[in-house]
Amino acid sequence: MPQKALIRARAAELRATFEAAGATVAETPLLQPAEVLLDLYGEDIRARAYVTSDSLLGEQMLRPDFTVPVVQMHMQHGAEPARYTYAGEVFRRQDADTSRANEYTQVGYEVFDRDNPAAADAEVFGLIHVALADVDVRASTGDIGLLMAAVQGLETTDRRKEALKRHIWRPRRFRALLDRYSGRMTVPQSRQALLDMDAPLQTGVPFIGLRSPDEISERIEALREDVNAAPISSVQVELLDALLDVRETLPFALERLRDIAVDMPAITHAVFSLRERIDAMDAKGIDVGAIEFEGSYGRTNMEYYDGFVFEFHAEGRADLPAVATGGRYDALTRVLGGGNEIPAVGAVIRPEVLLALEGQA
Ligand SMILES: N[C@@H](Cc1c[nH]c[nH+]1)C(=O)O
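Residues numbered from 1 in each chain as written. Predicted model: local features only at pLDDT ≥ 70, side-chain atom pairs only at ≥ 80, totals over all residues. Heavy atoms only, no water.

- Under an unreviewed UniProt entry, the protein has the name ATP phosphoribosyltransferase regulatory subunit and belongs to Cognatishimia maritima.

What follows is the structure, encoded as structure tokens:
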């Protein structure tokens, strides 16, 4: 990896191009309140954040990214519309692979604008595309909003839909739930035995866990309701699978998704948004025919994404992480906005990865 001074200089250049595009420089403290913010990132980052305690301020963490603190700052006192840029280090533990950096620089661009979300998506994607024009990279794109809409449209109980939505980020768990809810896999024996008991709480065993008897009864009731719920039909599971399997360039993906939407009307709005995004990208001169769309893309990223998601990576360089990643996070602004919300989208470039691709590492 290139030296720090080089990374810093490249970061400053990139940030200057984002400023030239109309963004104001944002600064966020390195230490962030973990109790308020950590859950917003989801399971992966929650496990990887460096958390420490402070007797006055409570749990603090080294910022795992800029987006969450920038959203918090904007929702507290930002005027609309707003564009921000930043450059600085983020921190994430690397439990599986010690060769991957646990501390690295990000240069970001974030747009808060309610005017035209498709145009804002294209603006962010286009800026990153231009910044990476001199290196050989490919874009992968996806849409978490489309997946959420598909799950929401399933004919099943709200509880099942909520469970599936929570696990969109964990594809294997999602698949196991779907298999169970569609009757392809039976309820585990131990659970069935519990549900068959007349009075499962009267075992004579003392309560030593954190859950109260009422909470346990409620959970058992929910499980009983679930066992009795009708299975999700195989037609619906096949449609969901067809959506997850889409892997085409943007225009062909749109065609496929339009076909799927005929039988799955719940995704119609999301497909329409995708079309608007493709049109906005095309209007910016981006060659949409060369950009891939994957139905399943984005399911391992930050859990605050709820719409467009994308990354740029160098093919054949599995030794390097993605050089840029980003996406839309409208709901996050609602969570941090105390009743307010604003459509928002952004992305980061990792300057040290860019330097490596430019041959300056
Ligand atoms: N904060 C994200 C990147 C991003 C910026 N804006 C939207 N997404 C990350 O660190 O992966």
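Side note on the overall build of the protein
And step 1. Across its full length, the protein holds 15 helices and 12 strands.
And step 2. Computed over the C-alpha atoms, the radius of gyration of the protein is 22 Å, within 12% of the 21 Å expected from 2.2 N^0.38 for a compact globule of 361 residues.
And step 3. The principal-axis extent of the C-alpha atoms belonging to the protein is close to 70 × 55 × 40 Å.
And step 4. Taking all 361 residues of the protein together, 48% fall into the buried category.
And step 5. Nonlocal contacts in the protein, meaning residues at least 24 apart in sequence, comprise 70% of its contacts between residues at least 6 apart. (Helix = DSSP H or I, 4+ residues; strand = E, 2+ residues; numbered from the N terminus. Rg over C-alpha atoms; globule rule 2.2 N^0.38 Å. Buried < 20%, exposed > 50% of the residue type's maximum accessible area, 1.4 Å probe, protein only. Contact = heavy atoms within 4.5 Å.)

Points about the sheet that holds strand S4 (residues 60-62)
And step 1. Strand order in this open sheet of three strands is S2-S4-S3, and the pairing throughout is antiparallel. What marks the edges here is a single partner per strand, and that holds for strand S2 (31-33) and strand S3 (51-52).
And step 2. Two elements, S2 and S4, share three bridges in a ladder whose sense is antiparallel. Across the sheet, the residue bridging to Gln32 is Met61, located in S4. (Pairing = 2+ DSSP bridges.)

Focus on empty space enclosed by the protein
And step 1. Taken as a whole, this structure holds one cavity of 30 Å³ or more when the rule is applied.
And step 2. Each pocket or cavity is described by its volume, and for the largest cavity that value is around 40 Å³.
And step 3. Lining the largest cavity are Leu147, Val151, Ile168, Phe174, Leu240, Leu244 and Arg299.
And step 4. Looking at the lining of the largest cavity, the elements with two or more residues in it are helix H6 (144-152) and helix H11 (234-245).
And step 5. Residue composition of the lining of the largest cavity, by class: six nonpolar, no polar and one charged. (1 Å grid on protein atoms, 1.4 Å probe; cavity = no way out; pocket = protein on both sides within 12 Å on 5 of 7 lines; lining within 4 Å. Points joined across faces, edges and corners; volume = space filled by probe spheres on them. Nonpolar A, V, L, I, M, F, W, Y, C, P; charged D, E, K, R; others polar.)

Topic: the site of the ligand
And step 1. In the neighbourhood of the ligand, 16 residues make up the surrounding shell, with Asp65, Thr67, Arg92, Gln106 and Tyr305 lying closest.
And step 2. Glu110 places a polar side-chain atom, nitrogen or oxygen, 2.9 Å from a nitrogen atom of the ligand.
And step 3. The side chain of Tyr304 places a nitrogen or oxygen atom 2.9 Å from a nitrogen atom of the ligand.
And step 4. Relative to its unbound accessible surface of 300 Å², the ligand loses 97% to contact with the protein.
And step 5. If you map the ligand onto the pockets, it falls in the largest pocket. (Near = heavy atom within 4 Å. Polar contact = N/O pair within 3.5 Å; in protein donor to acceptor, adjacent residues only side chain to side chain. Areas by Shrake-Rupley, 256 points an atom, 1.4 Å probe, with all protein chains shown as cover. Sits in = over half its atoms within 2 Å of the grid points.)

Digging into the packing of helix H5 (residues 117-131) against helix H13 (residues 268-283)
And step 1. For the pair H5 and H13, the least separation of the axes is 8 Å and the interaxial angle reads 50°. Looking at the two axes, H5 sits oblique to H13. Between H5 and H13 the crossing geometry is right-handed. Here Ala118, Ala119, Asp121, Ala122 and Phe125 of H5 lie close against H13, whose contacting residues are Glu276, Arg277, Ala280 and Met281.
And step 2. Residues of the contact of H5 with H13, tallied by class, amount to six nonpolar, no polar and three charged. (Axes fitted to C-alpha atoms, helices over the stretch in contact; angles between N-to-C directions. Parallel < 35°, antiparallel > 145°, perpendicular 65-115°, else oblique. Left-handed = near helix turned anticlockwise from the far one by under 90°.)

So, the layout of surface pockets
And step 1. Approximately 1,000 Å³ is the volume attributed to the largest pocket.
And step 2. For the largest pocket, the lining is made up of 48 residues, of which Arg48, Arg92, Thr300, Asn301 and Thr325 are closest to its centre.
And step 3. For the lining of the largest pocket, the secondary-structure elements that each account for two or more residues are helix H3 (43-48), strand S6 (103-112), helix H8 (171-181), strand S10 (308-313), strand S11 (324-328), strand S12 (344-349) and helix H15 (351-357).
And step 4. Tallied by class, the residues present in the lining of the largest pocket amount to 22 nonpolar, 11 polar and 15 charged.

Focus: a positive patch on the surface
And step 1. Where like charges cluster on the molecular surface, the positive patch consists of Arg166, Arg173, Arg211 and Arg219.
And step 2. If you trace the backbone, Arg166 turns up in helix H7 (residues 158-166). (Patch = residues over 30% accessible without salt bridge, like charges linked within 9 Å, V, L, I, M, F, W, Y side chains within 5 Å. Salt bridge = Lys/Arg side-chain N within 4 Å of Asp/Glu carboxyl O. Lys, Arg positive; Asp, Glu negative; His and termini not counted. Charge placed at Lys NZ, Arg CZ, Asp CG, Glu CD.)

Topic: the UniProt feature "binding site: L-histidine" (unreviewed entry) in the protein
And step 1. Annotation from UniProt places "binding site: L-histidine" (unreviewed entry) at Asp65, Phe66, Thr67, Arg92, Gln106, Glu110, Arg299, Tyr304 and Tyr305. Taking the annotated residues in turn, Arg299 line the largest cavity.
And step 2. On the secondary structure map, Arg92 appears in the loop between strand S5 (82-91) and S6.
And step 3. For Arg92, a relative accessible area of 11% puts it in the buried group.
And step 4. Other than its neighbours up to four places away in sequence, Arg92 contacts Ile45, Arg48, Tyr50, Pro64, Asp65, Ala101, Asn102, Tyr104, Gln106 and Met302.
And step 5. From its side chain, Arg92 meets the backbone oxygen of Pro64 in a polar contact 3.0 Å long.
And step 6. Every residue in contact with Gln106, bar those within four places of it in the chain, is listed here: Asp65, Phe66, Tyr86, Ala87, Gly88, Val90, Arg92, Val348, Ile349 and Pro351. (UniProt positions renumbered as here; feature names shortened; annotations may be inferred.)

Comments concerning the pairing of S12
And step 1. The element S12 is largely enclosed, with a buried count of six among its six residues.
And step 2. Burial of S12 is two-sided: the residues Ala344, Gly346 and Val348 facing one way and the residues Val345, Ala347 and Ile349 facing the other way are all buried.
And step 3. When S6 meets S12, the two strands line up antiparallel, connected through six bridges. Considered in S12, the bridge of Val107 is made with Ile349.
And step 4. Pairing of S11 with S12, which is carried by five bridges, proceeds in the antiparallel orientation. Looking at S12, one finds that Gly327 is bridged to Gly346.

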